[in-house]
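# Notes for the structure review
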Amino acid sequence: LRCDFGAGIAAMVTEHMALDRLDGRRGRTVRSQLQTLAQAALIRNRPSYPSRRRVIVALDIERSTTRPDPVKADLRTMLYELFDAALRSAGVQASCRGPFIDRGDGLLALIDPVDQARVLNHAVPAFSQLLAGYNASLPDRGQRQLRVRAVMHAGDVSDDDNGCYGEALDIAFRLLDAPRVKTALQASHGPLVLVISGDVYSWVLRDAPRGTGRTAF
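Residues numbered from 1 in each chain as written. Predicted model: local features only at pLDDT ≥ 70, side-chain atom pairs only at ≥ 80, totals over all residues. Heavy atoms only, no water.

### Details of the side chain of Asp115
Threshold: Strands are runs of DSSP state E lasting at least two residues, helices are runs of H or I lasting at least four, and both sets are numbered from the N terminus onward. In this description, contact between two residues means that some pair of their heavy atoms is separated by no more than 4.5 Å.
Position of Asp115 among the secondary structure elements: in the loop between β3 (106-111) and α4 (116-137). Contact partners of Asp115, with chain neighbours within four places excluded, come to Val92 and Cys96.

### Quick word on the packing of aromatic side chains
For any pair of aromatic rings, the description consists of the separation of the ring centres together with the inter-plane angle of the planes. Going by this rule: Under the pairing criterion, centres of Phe, Tyr and Trp rings, with the six-membered ring standing for Trp, must be within 6.5 Å; the plane angle then separates stacked pairs below 30 degrees from edge-to-face pairs above 60, leaving the rest tilted. Throughout, exposure labels follow a simple rule: accessible area from a 1.4 Å probe, protein chains only, divided by the maximum for the residue type, with under 20% read as buried, over 50% as exposed, and the rest as partly exposed.
Under the definition given, this model contains three aromatic pairs. Between the aromatic rings of Tyr80 and Phe100, the centroid separation amounts to 5.8 Å while the plane-to-plane angle is 70°, which identifies the pairing as edge-to-face. Note that Tyr80 is positioned in helix α3 (residues 69-89) and Phe100 in the loop between α3 and β2 (101-102), a separation of 20 residues in sequence. Between the aromatic rings of Phe83 and Phe127, the centroid separation amounts to 5.2 Å while the plane-to-plane angle is 75°, which identifies the pairing as edge-to-face. A residue pair is termed long-range when its members are at least 10 positions apart, and Phe83 in helix α3 and Phe127 in helix α4 qualify at 44 residues. You'll find Phe83 and Phe127 in the same group, each marked buried.

### Some details on the environment of Phe173
Looking at where Phe173 falls in the secondary structure, it is placed in helix α5 (residues 167-176). Along the sequence, Phe173 and Leu108 sit 65 residues apart, while their C-alpha atoms lie 9.7 Å from each other.

### Focus on the pairing of strand β4 (residues 148-160)
Heads up, the condition is: Strands were regarded as paired on the criterion that DSSP finds at least two bridges between them.
Buried residues dominate β4, accounting for 10 of its 13 residues. Pairing of β4 with strand β6 (residues 192-196) involves five bridges; the strand directions are parallel. When the bridges of β6 are listed, Arg149 appears paired with Val193. Looking at chain direction, β4 and strand β5 (residues 163-165) are connected through three bridges and run antiparallel. Paired with Asp159 across the bridge in β5 is Cys164.

Spelled out as structure tokens, the structure:
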């Protein structure tokens, strides 16, 4: 579908450029054909699956833009490895989440809601400990120190041929990139700052099982 969609758009652009040289009936015919092609492309690209409720966790490496590319590559690899290890240690199996979605200097994880408590109460603390251990192992922290902003939200996520989207993701990324969250990590001595959405906060206070660490919020 992506190949067909791309080919269709390319044909539309080519035909559109030619319209300036056309007059009368032929020009109207070509325009009609372009409209039909555009509508067909939109239909083919509609969401393939209904939206699903997911636990949304997004991570972002602090000061990534200041690092040279070889260092960025190492930090990206370490971010993936440590977060995957933290999820597995918390009992969040790969079958309960999709593959990590790359964000350049971070990642996005979409997890089954049944594991929300495991993520919050076990995976996040484990990830913080793994980050601290990695940083302590560096002979010279300098450019290779790994400090991370994280956000946790829950909501409906949709998918189409181009990936995932939805208001819940918009909320999560706005929280992750909020200036106050960046400032909080800069002021922190730890390697991780977690921001949770209002929905997750309400769940912690209202429905979270014992042991979820309500007092921390």
